[in-house]
Amino acid sequence: MAKKQFFAIVDTETTITDKVADFGIVICDRHGNIAAQAGILVKNIYGVDNLFYDLNASGIWSKASIDRRMANYNSMLESGARMLASVNAINIWIAKAITKYNPTLTAYNLAFDESKCRNTGIILNEFKDRFCLWGAAVGNICNTKQYRQFVLDNHLFNARTEKGNMTFSTTAEAVTGFLRGEMTDEPHTSVEDIIGYELPTLVHILKKKNWREKSIAYNWRNHQVKDHFKA
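Report on the accompanying structure.

Side note on the pattern of salt bridges
Inference 1: Inspection of the entire model under this criterion finds six salt bridges.
Inference 2: In this structure, Asp18 engages Lys116 in a salt bridge whose closest nitrogen and oxygen atoms are separated by 3.2 Å. Separated by 98 residues along the polypeptide, Asp18 in the loop between strand S1 (6-14) and strand S2 (20-29) and Lys116 in helix H3 (residues 110-120) bring together distant segments of the chain.
Inference 3: Arg130 is the salt-bridge partner of Glu114, the closest N and O atoms lying 2.3 Å from each other. Of the two residues, Glu114 is situated in helix H3 and Arg130 in strand S6 (residues 130-132); the sequence distance between them amounts to 16 residues.
Inference 4: Here the salt bridges do not stand alone but share partners, grouping Asp22, Arg82 and Glu192 into one network.

Below is the structure:
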């Protein structure tokens, strides 16, 4: 009997100093059954460094949103949806999970999450196997005619750049919206994003034959509107 395969989905919400404030990890099997999970606000970073913001953004990534986002996290601490823990405690949790489950590491834009964890001291290099869920989604979902029709129906186009380039969306929100048949807004909190958006995408992709061979790293040049949506 084959040994059960597990996956570790990681998601991070970061600070303006490129460190992790909110670390989430979910261990699941290939059917999406959750074996373990942790949502942790990182001690000495959360509440010390400002949450990430963009001076040119409105909505959730605006500087004005920081107080509201902090209040939400403080409520999560009060309710037990988050715990405050040190980087060392996070690394101990990860090490125990690797020993018990030997999971394959993934994240939606794994390179981003790995770099922010590295900046913070969170150790992800002990996982024996890994892949980027974004690349898997691009190669197995986003390049299909059905997905592009969903993009068109829901106007999922990114802003035009000064050079005239314009891409269509391949975000976790867009991909999960396609799988569900309707768009919803990610809360942009680590564990909730994993369970609500990245986990369903992972389960869908794992059902596909040769999904790993079909994975393609995202390249904005390959997702130009002018190349995929023609009159």
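Further notes follow.
Some remarks on the sheet that holds S2
Backbone hydrogen bonds are what pair the strands of a sheet, in a parallel or an antiparallel way.
Inference 1: Spatially, S4-S3-S2-S1-S5-S6 is the arrangement adopted by the six strands of the open sheet, whose pairing is mixed. Edge positions in the sheet fall to strand S4 (83-85) and S6, since each of these pairs with one other strand and no more. Neighbour to neighbour, the strand axes of the sheet diverge by 30° on average, direction disregarded.
Inference 2: Direction of pairing for strand S3 (residues 34-42) relative to S4: parallel, over a ladder of three bridges. By the bridge assignment for S4, Leu41 is matched with Leu84.
Inference 3: Where helix H2 (residues 87-101) meets the sheet, it contacts S1, S2, S3 and S4, and its direction lies at approximately 165° from that of S3.

What about the packing of helix H5 (residues 145-154) against helix H6 (residues 172-180)?
Inference 1: Their axes nearest at 10 Å, the elements H5 and H6 cross at an angle of 105°. Considering the angle they form, H5 stands roughly perpendicular to H6. Across the interface between the two elements, Gln146, Tyr147 and Phe150 of H5 pack against Ala174, Val175, Gly177 and Phe178 of H6.
Inference 2: Taken together, the residues that form the contact of H5 with H6 break down as five nonpolar, two polar and no charged.

What to know about the side chain of Ser169
Inference 1: Secondary-structure assignment places Ser169 in the loop between H5 and H6.
Inference 2: The buried category is assigned to Ser169, whose relative accessible area is 7%.
Inference 3: In this structure the side chain of Ser169 is engaged in a polar contact, spanning 3.3 Å, whose partner is the side chain of Thr171.
Inference 4: In this structure, Ser169 is in contact with Tyr147, Val151, Leu156, Asn158 and Ala174, ignoring residues within four places of it in sequence.

Observations concerning H6
Inference 1: Regarding H6, the residues found buried are Ala172, Glu173, Ala174, Val175, Thr176 and Gly177.
Inference 2: Of the residues one or two after H6, Gly181 is the one with positive phi, at around 90°.

Overview of the side chain of Thr15
Inference 1: With respect to the helices and strands, Thr15 occurs in the loop between S1 and S2.
Inference 2: Within the structure, the side chain of Thr15 is placed 2.7 Å from the side chain of Thr17, a separation counted as a polar contact.
Inference 3: Setting aside anything within four residues of it in sequence, one finds Thr15 in contact with Ala21, Ile45, Asp49, Asn50, Leu51 and Phe52.

Some thoughts on the state of the cysteines
The bond known as a disulfide is covalent and runs between the sulfur atoms of two cysteines.
Inference 1: On inspection of all chains with the given rule, the structure shows zero disulfides.
Inference 2: In this structure Cys28 is a free cysteine whose sulfur lies 16 Å from that of Cys132, the closest cysteine sulfur available.
Inference 3: Of the residues examined, Cys28 reaches a relative accessible area of 0% and is grouped as buried.
Inference 4: Of the cysteine sulfurs around Cys132, a residue in no disulfide, the closest is that of Cys142, at 11 Å.

Brief notes about the environment of Ile195
Inference 1: Here Ile195 lies in helix H7 (residues 190-206).
Inference 2: Overall, the relative accessible area of 33% leaves Ile195 in the partly exposed class.
Inference 3: Put simply, Ile195 and Gly32 are 163 residues apart on the chain and 9.1 Å apart in space, counted from C-alpha to C-alpha.
Inference 4: Residues in contact with Ile195, not counting those within four places in the same chain, are Val26, Ile34, Gln37 and Pro200.

Procedures and definitions
Residues numbered from 1 in each chain as written. Predicted model: local features only at pLDDT ≥ 70, side-chain atom pairs only at ≥ 80, totals over all residues. Heavy atoms only, no water. Salt bridge = Lys/Arg side-chain N within 4 Å of Asp/Glu carboxyl O. Helix = DSSP H or I, 4+ residues; strand = E, 2+ residues; numbered from the N terminus. Pairing = 2+ DSSP bridges. Axes fitted to C-alpha atoms, helices over the stretch in contact; angles between N-to-C directions. Contact = heavy atoms within 4.5 Å. Parallel < 35°, antiparallel > 145°, perpendicular 65-115°, else oblique. Nonpolar A, V, L, I, M, F, W, Y, C, P; charged D, E, K, R; others polar. Buried < 20%, exposed > 50% of the residue type's maximum accessible area, 1.4 Å probe, protein only. Polar contact = N/O pair within 3.5 Å; in protein donor to acceptor, adjacent residues only side chain to side chain. Disulfide = S-S within 2.5 Å.

Taken by themselves, the reported measurements are silent on function.
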